[in-house]
Each structure stands twice: as C-alpha cells, then as structure tokens.
Amino acid sequence: MTQFLGAVAGGVGLGSVYALLALGFVIIYKSMRVISFAQPAFMLAGAVLVSYLSPSIGFVPAVVVGAIAIAGVALVVERVAIRPMVGKAVFVIAIITIGIDIVVRVVAGAFIGRDPRQVGDPWGIDAWEIGGVYIAHRHIAAFLVTTVLVLALFAFFRWTPIGLAMRASALDQEAAMAQGVSVGAVFAVSWALAGGLAAVAGVFAASGRTMDQNLWHIALAALPVIILGGLDSLGGAVIGGLLIGVAQQVVASYHRQWFPGLDTNIGSITPYLVMLVVLLVRPYGLFGTREVERV
Amino acid sequence: MTIGTPWGRPELYTDYKQDMALLNTRAKTLGVAAILVVAALLPLLVADDLLVILGGGLVLAIGALGLNLVTGYAGQVSLGHAFFVGVGAYTAAVMAGDPDGRYLGLGIDFMPLWLLGAGLIAALFGALVAPLATRLRGLYLAIVTLGLVFIGQYLFFEWNDLSGGPQVGREAAKPELFGIEFTVDNGFKGGWTEEQKLFWLFLAVLVIAAVAARNVARSRIGRAFAAIRDRDVAAGVMGVNLTHYKVIAFTLSSFYAGVAGALMYSASGHFTPESFSLLMSVQFIAIVLIGGVATVSGTIMGALLIALLPRIAGELPAFVPFLSSSASEHPNVFEFEQVMYGVLIVAFLLFEPRGLFGIWHRVRTYWKSFPFSY
C-alpha cells in the first residue's frame, strides 16, 4: 500500500507537469485547430533559461522571467512562421511546428553544455515521510503551482475581455471576427500562454535531476494526455494529465512485480499504451467534442 | 509509344491514356533516359566516399516514396515511418542472419527473398495499424503514429535475441545475388568496389520502387488517395471506400519502408535499435516536404539532399570559422545539421510549398515559354 501511495504521489507530481504542457497544447489547438509540436522545445528552452538565471536572481524570479521570456519567443515564432500559414492545411502548420521544434530544441540544447546543470530549485530530492510513504517536496510544489496556474487560467478565460475573445474565436472564428474580435491577437496570446506554461512545466520536469538533452521526451508524453482528455478540452487536459502521470508512475513502480521478464521499465511507454486503448474505445478522447459527420 | 500525333504536334493528346502515360512528353522520355544513364555511370565517375552517401540517399528515397504515398498522396499524416523501417531492417537481418549466430537467424541468403520478406512483414504491421487510421483523422493520427515509434523502440530494446539490445545492435543483412557479394570489396583486384556494387543495387531497387509508386499514383488507387486527401467526406460521397483505401495506403507505405529498412544498413553492416527513433521519422517527413509532396521525382531529389546534408555540414567549418567540427564544442556541425532539417522544413513550407519539385517546375515553365514570362 505504501508503495502504491508513493507511486501515486510521484504520479501527481509528474501529472502536474503533463497537465501544464497539455494545457498549452489545448490552448493553441482551440485557437488555431493545430497541434503545436514546438511545445517540447519551449519546455527545454524554459528549463535551460531558468538554470542560467536562477544562480544570479534567485529561483522564483528566474521562473517568472524565464516563463515570460519563453512566452516572448513563442510570440515571435508565431508571428514569423505560423501567422503566414493561417488558412493552409492544418497538417502543413503542424509540420512547420516540428521544424521550429528542431531548431529551438537544438539551440537550447547547445546551451546545456558538458557540466551537470540544475534549475536551482529549493526542493531537490527532499521528501516528507508520512506513514511510510515518501512524498517529494518537488511533487507537492508542482501540484500546488499547477493548481494555482489552472485556476488563474480558468479565471482568465472566464472574466477577462481577451479570455472572452479567445473563447468566442474557439467557438466560431468567423462569427468572432464579425463581432470585432482580433483573431490575430487571440493567436498571439494563445501561443504566448502555451510557451509560458511549457517553460514552467520544464522547470518542474527538470527539478530533482540534472538537465539533459532528453528532457523534451517528457513533453512528447503530454501528447497522449491531450488525446486522452480530448484535443479541445481544458478540463480534460488537467484530468488527463493527472491520470496519465499517476498511471505511468504506478506502472513504473510495480514494473518488477508485474512484468518480471522485461528489463527496460515499461513506465516510459505507458502513456502511449493508455492512449491506444482509449482511442480504440473513444476516438475523440474522454472529454473531446465528437465531430459530427454524415456521408 | 506514340506521343501526341505522329505528325508532331507536341502535347496534343487525343485520348486520356496518352495524357496519363508514364512518360507523356518527349522531353520527359529523353530526360528520364539521360538521368538513368548518368546514374548508372555515376559509380565509375565518383569517388567511393561520396558514392556511399549517394547510395544512402537512394535507400532513403525508397523509404520516403512509401511515406509520400501515405502522407503526400493519401493525406494521412504518419510520424511512425521509423517503426516500419525498423520492422523491415530486423526482418531482413533475421531472415539473412546466421542460424548458429548469437541472435535470431534463418540463414536465407537469397536476397530477393529477404528483401520481399522485409517488405511484407512491414506491410503486415502497416495493415494492423491501418484500422486505427480509419477511425482517426488528421492530427489524432499523427500523435498515434508518434506513439507507435516509442512503443516500437521499446520492443526493439527489449527483444535482445532480435536486436542485440540497446547500444549493442546486430549485423545487418548482407546483399548477395547469383554469387555476387555486394558487400565484398574487390577494388584492389581490379573488380568493382563495395560502394560501386551497392550503388547499382540500390539504384535498381529504387527504379523499380519509383516506377511502381508512379503507377500506383496514376491508377484508380492513386485517384482514390487524392480524393481522400483533398476531402475525405467528398471522397466517401463519390463512392470511394475510405477504410479500404486507407488500409491500402498504409500497407503500401509500410512495404516501401520495410524494403528501405532491409537495405539501409548493408553499407555499414551493423545497426542498433536506437536508429529507429522519432528523429528518423522526422527525417522522412523532411524528405517528403523538401522534395515535394505527392511527387516521385521530388522525393528522390529530397532524399539525395538530406543524405548529402551531413557531408555539406562537415565541409562547413572550413568556410564558417565559428562552427566547430568537434561534438563537445558549441556550435558544432552536428547541431548545424539538425538545425538545417528544421530550417529547411520551415523555409520550404513558407516559401516553396511544392518543394524542390516546385523549383524545378518553375525553371521548366520559365524556359518552356521563354522569352515570354508566361
């Protein structure tokens, strides 16, 4: 039981990272109907930037500055490479984001360098022990920060004018334009939000370990999350993120007992396996909008 | 073959068959013949180290033709191509492998057999994945096929008897036909070198693959693919059986990937399961987009360009002083090479969406109507 609870605690921490990343994917998808494969690069770039900033200005300011800076990078990318393609096939835009991902990721990766580099978080690998269950501080921090950010995001969409504009253009882009919504601004804000969220996610993904080039694989595992939650469901992204995170940690923790024949831990591909099963049953995810189509 | 009318009105087609012919203009016939002659003579003219790269490009072209069939012609985005290439590579290695060796092997030396086997097993996997494709559309499909790469790589890592395990790997299938051993170097005895023989082999397979792809594209199947790509609902209304043709697209594409995988490592003779990562899938996507979506000639151009990219990057430090050729310094040529994939993908999609084929098309149109601008 303690093993299970420990795995769940770790899973909630990992799931929070997934939820942040998945929110970015969903925000961009809702505004442009495109999946941005550039999220992994923004996440890595955010973590690397924070690791450079935090020794000089402290961890929390570094995260804030890093998130804003990556949001700025995302803005530039959107304006330069994505905006000219609006109206083209979504597949083409998605592939462009793959190209951007490669460029940004390699440039950010070049700054990791040879020496072990850390984001400078105050938690490290400290943990509380509650009844035999180890709960790492960084997982709790990830969960709390994600909760705050999610509440802030929902409030943003609910009560601010630009949030209303984003909801309107997600519902019907042409009707929103007819009402005077600047769809260009909506695109820009959605990319900036996604970039900032990815940077924060990158910090939590990199905390408690040294930075390496493979950090971006975590962001790819957030893709099954949005499939599970449904591409256009913000709530689905959060719930899906936590579900996938917990499932992955539980499987990783019980790997020895359940699959004694397998050497490599199967936890790493659990998100993809869950995704396949869910898609076979519900092709539009758990909370996604079913496309109505009659032939 | 009669082209146009016998009295020489070029490009006057009197029936549909002439318009759809494989070589529908005289210039095309001559051009293709010239390219084939040059390609066949290339091993005699070019140094062996460049020949390895070009040969690699030809194999990449075979795999990319498959991806172009499913993604370019049929419009089903697949990021899982690396998985099918891997299935092909391992099938070939097992079929041709030594039965008494450390890893699985059946000891079938006859090359056409393991080449077809690799294609067929990969095609089988493609057909197994295809039902997912028929349920999913667009980006959902892209993500599921991306998952396929990770799951496939896990299996390759885990099944040590098959793959030799991570970072260890196993020997690739050695091409051998009618007593000709393609991987044995006879250059010092006055015979052909390994590189020359492999280039001819790859060229022969590529020509067969390209003609087959072109024929698929201009047949009923190809028209159904194009209809599905342009609007699947409309295609369904016209009576195109979506499930049926999507399964065909995935199966064909995986067959090409399997054949490419079987040949991909014959030059180096050894491969590890790390090869079949997302990076390889992206490389194939890059080839298709840079070369030209839904074109056969463009795919081949794109594959050669991508294959030459490491070489081009390797030559750069001589001209660009800040670029290092050592992997431990930044910025280095390996990073430059990767960045170039990304930059080329973005630049081509933004400025020349039809790829290298589009550039060629523009040059051709310019000279066709010279000295008039249109």
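Residues numbered from 1 in each chain as written. Chains lettered and ligands numbered in written order. Predicted model: local features only at pLDDT ≥ 70, side-chain atom pairs only at ≥ 80, totals over all residues. Heavy atoms only, no water.

(A) Seen up close, the overall build of chain B. Along the backbone of chain B there are 15 helices and four strands. Taken along its principal axes, the extent of the C-alpha atoms in chain B is 65 × 50 × 50 Å. Per-residue burial over chain B gives 52% buried out of 374 residues. Carbon and sulfur atoms form 67% of the exposed surface of chain B, whose accessible area is close to 17,100 Å². (Helix = DSSP H or I, 4+ residues; strand = E, 2+ residues; numbered from the N terminus. Buried < 20%, exposed > 50% of the residue type's maximum accessible area, 1.4 Å probe, protein only. Areas by Shrake-Rupley, 256 points an atom, 1.4 Å probe, with all protein chains shown as cover.)

(B) Geometry of the interface of chain A and chain B. Between chain A and chain B, the residue contacts involve 54 residues of the former and 38 residues of the latter. In total, chain A and chain B occlude about 3,900 Å² of area from one another, counting both sides; carbon and sulfur atoms represent 79% of this. Counting across the chain A and chain B interface gives zero salt bridges. Our enumeration of links across chain A and chain B arrives at zero residue pairs in polar contact (both at pLDDT 80 or more). Elements with a minimum of two residues in the side of chain A that touches chain B: helix 3 (59-82), helix 4 (90-110), helix 9 (216-220), helix 10 (222-229) and helix 12 (270-281) of chain A. Of the residues contributing to the side of chain A that touches chain B, the split by class is 40 nonpolar, eight polar and six charged. (Contact = heavy atoms within 4.5 Å. Buried area = accessible area lost by both parts, 1.4 Å probe. Salt bridge = Lys/Arg side-chain N within 4 Å of Asp/Glu carboxyl O. Polar contact = N/O pair within 3.5 Å; in protein donor to acceptor, adjacent residues only side chain to side chain. Nonpolar A, V, L, I, M, F, W, Y, C, P; charged D, E, K, R; others polar.)

(C) View of the pattern of salt bridges. Residues and elements named next belong to chain A. Applying the stated criterion across every chain, the model contains five salt bridges over all chains. Residues Arg 83 and Glu 78 are paired through a salt bridge, measuring 2.9 Å at the closest nitrogen-oxygen approach. For Arg 83, a relative accessible area of 21% corresponds to the partly exposed category. Here Glu 78 falls in the buried class, since its relative accessible area comes to 0%. Across the salt bridge formed by Asp 101 and Arg 105, the nearest N and O atoms sit 3.2 Å from each other.

(D) Geometry of a nonpolar patch on the surface. All names here are of chain B. Taken together, the side chains of Met 301, Ile 359, Trp 360, Val 363, Tyr 366, Trp 367 and Phe 370 present a nonpolar region at the surface, about 710 Å² in accessible area. Sorting elements by how many residues they give to the nonpolar patch places helix 15 (residues 355-368) first, with five residues. If you trace the backbone, Trp 360 turns up in helix 15. Exposure remark for Trp 360: the relative accessible area of 41% places this residue in the partly exposed category. (Patch = residues over 30% accessible without salt bridge, like charges linked within 9 Å, V, L, I, M, F, W, Y side chains within 5 Å.)

(E) Fine view of the packing of aromatic side chains. Residue and element names in this part refer to chain B. Under the criterion given, the structure shown has 15 aromatic pairs over all chains. Centroid distance Phe 83 to Phe 84: 5.3 Å. Interplanar angle 65°. Geometry classified as edge-to-face. We note that Phe 83, like Phe 84, is buried. Plain terms: the ring middles of Phe 156 and Phe 276 are 5.7 Å apart, the flat faces sit at 65° to each other, and that makes the pair edge-to-face. On the criterion of sequence distance, the pair formed by Phe 156 in helix 6 (residues 138-158) and Phe 276 in the loop between strand 4 (270-271) and helix 12 (278-291) is long-range, its members being 120 residues apart. On the basis of relative accessibility, which here comes to 6%, the residue Phe 156 falls in the buried class. (Phe/Tyr/Trp six-rings, centres within 6.5 Å; stacked < 30°, edge-to-face > 60°.)

(F) The pairing of strand 2 (residues 133-136) of chain A, seen in detail. All names here are of chain A. Inspection of the sheet shows strand 1 (residues 127-130) paired to strand 2 by four bridges, in the antiparallel sense. Bridging from a neighbouring strand, Glu 129 pairs with Tyr 134 of strand 2. Taking the residues that link successive antiparallel strands as the turn, the strand 1-strand 2 hairpin has two residues, and the phi of Gly 131 there is positive, at about 55°. (Pairing = 2+ DSSP bridges.)

(G) Layout of the packing of helix 3 of chain A against helix 8 (residues 183-206) of chain A. Residue and element names in this part refer to chain A. One way to put it is that helix 3 packs onto helix 8 with a least axis distance of 7 Å and a crossing angle of 140°. When the axis of helix 3 is compared with that of helix 8, the two are oblique. Here helix 3 runs over helix 8; the crossing is right-handed. Taken together, the residues of helix 8 that come into contact with helix 3 (itself represented by Phe 59, Val 63, Gly 66, Ala 67, Ile 70, Ala 71, Ala 74, Leu 75, Val 77, Glu 78 and Ile 82) are Phe 187, Ala 188, Trp 191, Ala 192, Gly 195, Gly 196, Ala 199, Val 200 and Val 203. Residue composition of the contact of helix 3 with helix 8, grouped by class: 16 nonpolar, three polar and one charged. (Axes fitted to C-alpha atoms, helices over the stretch in contact; angles between N-to-C directions. Parallel < 35°, antiparallel > 145°, perpendicular 65-115°, else oblique. Left-handed = near helix turned anticlockwise from the far one by under 90°.)

(H) How the structure looks around the side chain of Gln 39 of chain A. All names here are of chain A. Along the polypeptide, Gln 39 turns up in helix 2 (residues 39-57). On the basis of relative accessible area, Gln 39 is assigned to the buried category, the value being 0%. Those residues in contact with Gln 39 that lie beyond four places of it in its chain are Leu 21, Gly 24, Phe 25, Ile 28, Ala 194, Gly 195 and Ala 198.

(I) Spotlight on the packing of helix 3 (residues 48-73) of chain B against helix 9 (residues 220-230) of chain B. Residues and elements named next belong to chain B. Closest axis-to-axis distance for the helix 3/helix 9 pair is 8 Å, and the angle between their directions is 50°. With respect to helix 9, the element helix 3 is oriented oblique. Between helix 3 and helix 9, the residues in contact are Leu 69, Gly 72 and Tyr 73 and Phe 225, Ala 226 and Arg 229, respectively. Here the contact of helix 3 with helix 9 is composed, by residue class, of four nonpolar, one polar and one charged.

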